[in-house]
Amino acid sequence: MSSKDASNESRDAGVVDNPWATLRAFTDARIGLGRAGVSLPTHKLLEFQLAHAQAQDAVHCPLDIEALTASLDEALELDTAPLALKSRATDRATYLQRPDYGRRLSDEDRERLEAQADNTEPSDLAIVIVDGLSALAVQQNSAPFLTALDQALAKDTNDWRLAPVTIVEQGRVAIGDEIGALLNARAVLVMIGERPGLSSPDSLGLYMTWAPEVGLRDDRRNCISNVRPAGLDVDQAARKLLLLLKEARERQLSGVKLKDRSEDDVVEGIGSTRNFLVAD
């Protein structure tokens, strides 16, 4: 017996397997963990503690804007460097305690965009990258997703004019409404680090809003969640977003009246004119 096998046998000694353990192959949820006496096996407890620490790190670690800008430039060859902006939350503690501060730009950055507004050409889409509650998700997934989206937009029959990319520190989803309006964009895409779970500290969320303006409610947005290597891959996410963007552009709306039903189990008949993106 090898030393590795002996170690595994020693580790599992006294551990009672859960008959549901085979389901672990199909989910990241903590099920079928077994037990040692009346407690969890030690290695499962340590895995939980590690996941909890990773979730905390995701919330508190700052976004490396310089590294993110470099990765975006390398992946997309941007004509204009991304604009670095900040919300009204001056630090992480304020951001976590005052969500409302994260929804609006700092006075300095708002005035900067207002000064540029008259010289900003109207665009079809403004892309706003926000650290949110997981800078890790933004750091790792932004460039791969935008590469996939850039390819999807290039293949589309519509011409998509893009506003300069912006990167926001200490931001919430709604900050994209203000930025999109100031950049004269018909639609805004907010890419934001989602609240980390104990199995997903790197989940990127995508929020698309048509006709952005300050004060919009959440029912005006469409969300694509869990974009990450272990979740929804970037190619699928880009395809879903493009479908939503095309329908939003045609119908001049977004949110609850525009639903992505592409994964419904209902198979519509050949030749059906029913639009699977639009709510009944």
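This one's a predicted model, so the numbers in the text were calculated from it and none came from an experiment.

Visitor: Hey, could you run me through the overall build of the protein chain in this one?
Guide: A count of helical and extended segments in the protein chain gives nine helices and eight strands. The 280 residues of the protein chain split such that 42% are buried. Contacts in the protein chain between residues far apart in sequence, at least 24 positions, make up 66% of those at least 6 positions apart. Total accessible area on the protein chain is roughly 15500 Å²; 50% of this is exposed by carbon and sulfur atoms.

Visitor: What's the story with the side chain of arginine 221 in this structure? I'm lost.
Guide: Within the secondary structure, arginine 221 sits in strand S8 (residues 221-227). For arginine 221, a relative accessible area of 8% puts it in the buried group. Setting aside its immediate chain neighbours within four residues, arginine 221 contacts Val173, Ala174, Asp177, Tyr207, Met208, Thr209, Leu216 and Gly255.

Visitor: For this particular structure, what's the right way to read the sheet that holds strand S7 (residues 204-210)?
Guide: Within a sheet, adjacent strands bond to each other through the backbone by hydrogen bonds, running parallel or antiparallel. As summarised here, the arrangement of the six strands in space is S3-S5-S4-S6-S7-S8, forming an open sheet in which the pairing is mixed. Single-partner strands in this sheet number two, and they are strand S3 (83-86) and S8. Averaged over all pairs of adjacent strands, the angle between strand axes in this sheet comes to 20°, irrespective of strand direction. Bridge analysis of strand S4 (residues 123-130) against strand S5 (residues 166-169) gives three bridges, and the strand direction is parallel. Paired with valine 128 across the strands is threonine 166, a residue of S5. With respect to the sheet, helix H8 (residues 175-182) is in contact with S3, S4, S5, strand S6 (185-193), S7 and S8, its orientation differing from that of S6 by roughly 145°.

Visitor: I would appreciate a short explanation of the confidence of the model for the protein chain in the present structure.
Guide: Atomic detail in the predicted coordinates should be set aside for any region of low pLDDT. Residues of the protein chain with pLDDT of at least 70 account for 87%, and the chain-wide mean is 87. Within the model, pLDDT remains below 50 along residues 265-273, and this stretch shows two contacts once partners closer than five positions in the same chain are excluded.

Visitor: Before we go on, may I ask you to explain the pairing of S3 in this structure?
Guide: Consecutive residues of a regular strand have side chains that alternate between opposite faces of the sheet. With burial as the criterion, only one face of S3 is covered, namely that bearing Leu83 and Leu85; the residues Ala84 and Lys86 on the opposite face remain uncovered. Taken together, the four bridges between S3 and S5 define a ladder with parallel strand orientation. By the bridge assignment for S5, leucine 83 is matched with threonine 166.

Visitor: Is there a simple way to think about the packing of aromatic side chains in this case?
Guide: With the rule as written, the count across this model stands at zero aromatic pairs. Note that arginine 172 overlies the ring of tyrosine 95, its terminal NZ or CZ placed 4.2 Å from the centroid. Stacked on the ring of tryptophan 160, the Lys or Arg arginine 249 has its end atom at 4.5 Å from the ring centre.

Visitor: Teacher, can you tell me more about helix H9 (residues 234-251) here?
Guide: Three- or four-residue spacings in an α-helix give side chains the same orientation, since the helix completes a turn every 3.6 residues. Its 18 residues place the ends of H9 25 Å apart at the C-alpha level, agreeing with the 26 Å of an ideal helix rising 1.5 Å per residue. Those residues of H9 lying buried are Ala237, Ala238, Lys240, Leu241, Leu242, Leu244, Leu245, Glu247 and Ala248. The N-terminus of H9 is capped by aspartate 233, whose side-chain oxygen sits 3.0 Å from the backbone nitrogen of aspartate 235. Trailing H9 by a residue or two, glutamine 252 shows a phi angle of about 60°, which is positive.

Visitor: Could you clarify how one ought to interpret the pattern of salt bridges in this entry?
Guide: Two side chains with opposite charge may pair up if their charged atoms get near one another. Evaluated as defined, the whole model comprises 15 salt bridges. Where arginine 249 meets aspartate 124, a salt bridge forms, and the shortest distance between an N and an O atom there is 3.9 Å. Of this pair, arginine 249 sits in helix H9 while aspartate 124 sits in strand S4; the two residues are 125 residues apart in sequence, bridging distant segments of the chain. Aspartate 177 serves as the salt-bridge partner of arginine 221, at 2.9 Å between the closest nitrogen and oxygen. Placement of the pair is arginine 221 in strand S8 and aspartate 177 in helix H8, with a sequence separation of 44 residues. Overlapping salt bridges, with partners in common, bring together Asp124, Arg161, Arg186 and Arg249 in one network.

The rules behind each value
- Residues numbered from 1 in each chain as written.
- Predicted model: local features only at pLDDT ≥ 70, side-chain atom pairs only at ≥ 80, totals over all residues.
- Heavy atoms only, no water.
- Helix = DSSP H or I, 4+ residues; strand = E, 2+ residues; numbered from the N terminus.
- Buried < 20%, exposed > 50% of the residue type's maximum accessible area, 1.4 Å probe, protein only.
- Contact = heavy atoms within 4.5 Å.
- Areas by Shrake-Rupley, 256 points an atom, 1.4 Å probe, with all protein chains shown as cover.
- Pairing = 2+ DSSP bridges.
- Axes fitted to C-alpha atoms, helices over the stretch in contact; angles between N-to-C directions.
- pLDDT = per-residue confidence, 0-100.
- Phe/Tyr/Trp six-rings, centres within 6.5 Å; stacked < 30°, edge-to-face > 60°.
- Lys NZ or Arg CZ within 6 Å of the ring centre and 35° of its normal.
- Expected span 1.5 Å × (residues − 1).
- Polar contact = N/O pair within 3.5 Å; in protein donor to acceptor, adjacent residues only side chain to side chain.
- Salt bridge = Lys/Arg side-chain N within 4 Å of Asp/Glu carboxyl O.

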